[in-house]
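Below are the chains, spelled out letter by letter.
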Amino acid sequence: MNPHPHVRRYGVRVSRSAVIMLAAVGLAAAPVTSAVAETPPVSGCPAGFQTLSVATLTGIGYRVPGFVDDPANGGNGDGVVCGKPINPTRTAQLCGTPCGVPVLYLFEDNSLTPLH
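Analysis parameters
Residues numbered from 1 in each chain as written. Predicted model: local features only at pLDDT ≥ 70, side-chain atom pairs only at ≥ 80, totals over all residues. Heavy atoms only, no water. Helix = DSSP H or I, 4+ residues; strand = E, 2+ residues; numbered from the N terminus. Buried < 20%, exposed > 50% of the residue type's maximum accessible area, 1.4 Å probe, protein only. Contact = heavy atoms within 4.5 Å. Areas by Shrake-Rupley, 256 points an atom, 1.4 Å probe, with all protein chains shown as cover. Phe/Tyr/Trp six-rings, centres within 6.5 Å; stacked < 30°, edge-to-face > 60°. Pairing = 2+ DSSP bridges. Axes fitted to C-alpha atoms, helices over the stretch in contact; angles between N-to-C directions. pLDDT = per-residue confidence, 0-100. Disulfide = S-S within 2.5 Å.

Focus: the overall build of the protein
Next up, step 1: Helices and strands together make up the secondary structure of the protein, namely four helices and five strands.
Next up, step 2: Counting helices and strands in the order they occur from the N terminus, the protein gives β-β-α-β-α-α-β-α-β.
Next up, step 3: Across the 116 residues that make up the protein, the buried fraction comes to 18%.
Next up, step 4: In the protein, the proportion of contacts linking residues at least 24 apart, taken out of those at least 6 apart, comes to 63%.
Next up, step 5: Summed over its atoms, the accessible surface of the protein is roughly 8600 Å², and 64% of this surface lies on carbon and sulfur atoms.

Dropping the structure here:
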């Protein structure tokens, strides 16, 4: 049994009331944090992916978005795809030389519904 009404951690004395106050502040801040982390507006794309135009991407040299969006390949054919940029270090590992496009993306069709 500890005869002192204080908790000693890492050489710092902390009163129980201070610990309770910090916990209460943390709980009060939780709703603010969750509001910031809410799901973005419905775009059909998973979190972390950008909504991109197939026509725009095709115009600057991308070929994969048209393939991904094509209904013959499982896409919905609406001219929009989801793209997640691959970081430059990984891009250099994948391509070895310049890739021929400004940003290398991981592409998916924008087919997610609110039920996903």
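Remarks on the packing of aromatic side chains
Next up, step 1: This structure, assessed with the given rule, holds three aromatic pairs.
Next up, step 2: Seen from their ring centres, tyrosine 62 and tyrosine 105 are 5.9 Å apart, and the 55° between their planes marks the pair as tilted. Separated by 43 residues along the polypeptide, tyrosine 62 in the loop between α2 (54–59) and α3 (64–69) and tyrosine 105 in strand β5 (residues 105–109) bring together distant segments of the chain. Grouping residues by exposure puts tyrosine 62 and tyrosine 105 together as buried.
Next up, step 3: A centroid spacing of 6.0 Å and a plane angle of 85° characterise the contact between tyrosine 62 and phenylalanine 107, whose relative ring orientation is edge-to-face. Separated by 45 residues along the polypeptide, tyrosine 62 in the loop between α2 and α3 and phenylalanine 107 in strand β5 bring together distant segments of the chain.

Some points on the sheet that holds strand β3 (residues 50–53)
Next up, step 1: Spatially, three strands are ordered β3-β4-β5 in an open sheet, and the strand pairing comes out antiparallel. The outermost strands of the open sheet, each flanked by one partner alone, are β3 and β5. Between one strand axis and the next, the sheet turns by 40° as a mean value, whatever way the strands run.
Next up, step 2: The pairing of β3 with strand β4 (residues 80–85) spans four bridges and is classified as antiparallel. Bridging across to β4, glutamine 50 finds its partner in glycine 83.

Notes on the confidence of the model for the protein
Next up, step 1: Here the protein shows a mean pLDDT of 73. Residues at 70 or above account for 62%.
Next up, step 2: Considering only residues more than four positions removed or in separate chains, one finds that residues 4–40, a stretch of pLDDT under 50, has ten contacts.

Points about the state of the cysteines
Next up, step 1: One pass over the full model with this rule turns up two disulfides.
Next up, step 2: Across the disulfide, cysteine 95 is cross-linked to cysteine 99 (sulfur-sulfur distance 1.6 Å). Every disulfide takes its handedness from the sign of the S-S torsion; for cysteine 95 and cysteine 99 that torsion is 105°, giving right-handed.
Next up, step 3: The partly exposed category is assigned to cysteine 99, whose relative accessible area is 28%.
Next up, step 4: Across the protein, the way the bonded cysteines pair up, counted in sequence order, is 1-2, 3-4.

A closer look at the side chain of aspartate 69
Next up, step 1: Along the chain, aspartate 69 turns up in helix α3.
Next up, step 2: Setting aside its immediate chain neighbours within four residues, aspartate 69 contacts Val54, Gly75, Asn76, Gly77, Asp78, Gly79, Val80, Val81, Asp109 and Asn110.

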